[in-house]
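Tertiary structure, described
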Amino acid sequence: MDRLQCMKVLVRVSETASFAEAARQLHMSPPAVTRAVAFLEDATGARLFVRSTRSVNLTEAGRRYADDCKRILAEIDEAEASAGGSHATPSGMLTITAPVQFGQLHIMPVMTEFLDIHKGVTGRVLLFDRIVSLVEEGIDVAIRIGRLQDSDQTAIKVGSVRRVVCGAPSYFERHGEPKTPADLANHATIVNTGSSAPLDWHFAPDGAAATLHPRLYCNTVDAAIAASVTGWGLSRPLSYQVSRHVAAGQLRLTLEDYEEPPVPIHVVHAEGRHVSAKTRAFVDFAVAKLRALEM
């Protein structure tokens, strides 16, 4: 049997968790799909699926093999596209990931404008406040906020943001404004316990943590900011997360002279000999757009 076609069948079965649905999508008969998977199981000497009357699931060996099949098929498609010159025209599914609020505020407008320009591209945006693997999740481009670990990925810096302390004007009218980080011990503070938020508030010049006595903990930055807007207490988000509130006069920054160095923002994509046209075009487009932003 055609081994590459069998790999395509296996990948589609793994994605649909159904032999019948894979057969329908591939315009094949269900017995042909079953034979293709059986051929690969004979060739590998491993059981690739666990089948029951209600579900079809990859075994651990099957999961590893399916990942390898996806990689091999993608490299073949890339080689054929490069040889045929189709890398010159952006097309296909483009998957982007970014932090939730940054993605909502800045990446969604970039993506929709990009799709308006490139009609052959379909976009998928995944917003997470955690680091996700480009390779394992099938992601083309990631927006990272923070220090990057060494990797074999290409990273382009597009700007930076700061961790800021902010409160509502009404709060400062009632409680006064802290003059140094040490004064925070006497103020109502709101701590964000989200996955990427530091629980301790560190300040320049030595990076020491301030003494806090928080009376409110929130698991999202939006909730912490909302509490600050009401005048309840001080929060410490990233500057882009409150820029519109500051511009509207709902929040005011404080302790700016003690801020830590800015946190970099990078556009990241996997390195390769042949970067697809959709990825190259989006990276160029996003870099220009994001560098023009005031964050």
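Rules behind the numbers
- Residues numbered from 1 in each chain as written.
- Predicted model: local features only at pLDDT ≥ 70, side-chain atom pairs only at ≥ 80, totals over all residues.
- Heavy atoms only, no water.
- Phe/Tyr/Trp six-rings, centres within 6.5 Å; stacked < 30°, edge-to-face > 60°.
- Helix = DSSP H or I, 4+ residues; strand = E, 2+ residues; numbered from the N terminus.
- Buried < 20%, exposed > 50% of the residue type's maximum accessible area, 1.4 Å probe, protein only.
- Pairing = 2+ DSSP bridges.
- Axes fitted to C-alpha atoms, helices over the stretch in contact; angles between N-to-C directions.
- Contact = heavy atoms within 4.5 Å.
- Salt bridge = Lys/Arg side-chain N within 4 Å of Asp/Glu carboxyl O.
- Parallel < 35°, antiparallel > 145°, perpendicular 65-115°, else oblique.
- Left-handed = near helix turned anticlockwise from the far one by under 90°.
- Nonpolar A, V, L, I, M, F, W, Y, C, P; charged D, E, K, R; others polar.

1. Digging into the packing of aromatic side chains
If you walk through the whole model with that rule in mind, you get 5 aromatic pairs. Both rings, one in Phe-19 and one in Phe-49, keep their centres 5.8 Å apart while their planes meet at 70°; by these two values the pair is edge-to-face. Of the two residues, Phe-19 is situated in helix 2 (residues 19-26) and Phe-49 in strand 1 (residues 49-51); the sequence distance between them amounts to 30 residues. Residue Phe-19 shares its accessibility class with Phe-49, and that shared class is buried. With a centroid separation of 5.9 Å and 80° between ring planes, the pair formed by Tyr-171 and Phe-172 is classed as edge-to-face. Of the residues examined, Phe-172 reaches a relative accessible area of 7% and is grouped as buried.

2. Regarding the sheet that holds strand 13 (residues 263-270)
Backbone hydrogen bonds hold the strands of a sheet together, and the pairing may be parallel or antiparallel. One open sheet holds the 5 strands; their spatial order is 4-3-5-13-6, and the pairing between them is mixed. Of all strands in the sheet, those bounded by a partner on one side alone are strand 4 (121-127) and strand 6 (153-161). Sheet twist, expressed as the average angle between the axes of neighbouring strands with direction ignored, equals 20°. Sheet topology places strand 5 (residues 141-145) next to strand 13; 5 bridges connect them, and they run antiparallel. Opposite Ala-142, over in strand 13, you have Val-268 as the bridge partner. Set on the sheet, helix 10 (residues 277-291) makes contact with strand 3 (92-98), strand 4, strand 5, strand 6 and strand 13; between it and strand 6 the angle comes to about 20°.

3. Concerning the pattern of salt bridges
Applying the stated criterion across every chain, the model contains 12 salt bridges. Put simply, Glu-60 and Arg-64 hold a salt bridge, and the shortest N to O gap is 3.7 Å. A residue pair is termed a helical-turn pair when its members lie 3 or 4 positions apart in one helix, as Glu-60 and Arg-64 do in helix 4 (residues 60-84) at 4 residues. Assessed through its relative accessible area of 46%, Arg-64 is described here as partly exposed. Residue Asp-68 is joined to Arg-71 by a salt bridge in which the shortest nitrogen-to-oxygen separation is 3.7 Å. Placement of both Asp-68 and Arg-71 in helix 4 is noted, with a separation of 3 residues, approximately one turn of the helix.

4. Quick look at the packing of helix 1 (residues 3-16) against helix 2
Any two packed helices are characterised by how steeply their axes cross, that is the angle between the axes, and by the distance between the axes. Remark: helix 1 packs on helix 2, axes separated minimally by 8 Å, with the N-to-C direction vectors making an angle of 125°. In terms of orientation, helix 1 lies oblique with respect to helix 2. For the pair helix 1 and helix 2, the crossing hand works out as right-handed. Contact residues: Lys-8, Val-9, Arg-12, Val-13 and Thr-16 in helix 1; Phe-19, Glu-21, Ala-22, Gln-25 and Leu-26 in helix 2. Broken down by class, the residue content of the contact of helix 1 with helix 2 amounts to 5 nonpolar, 2 polar and 3 charged.

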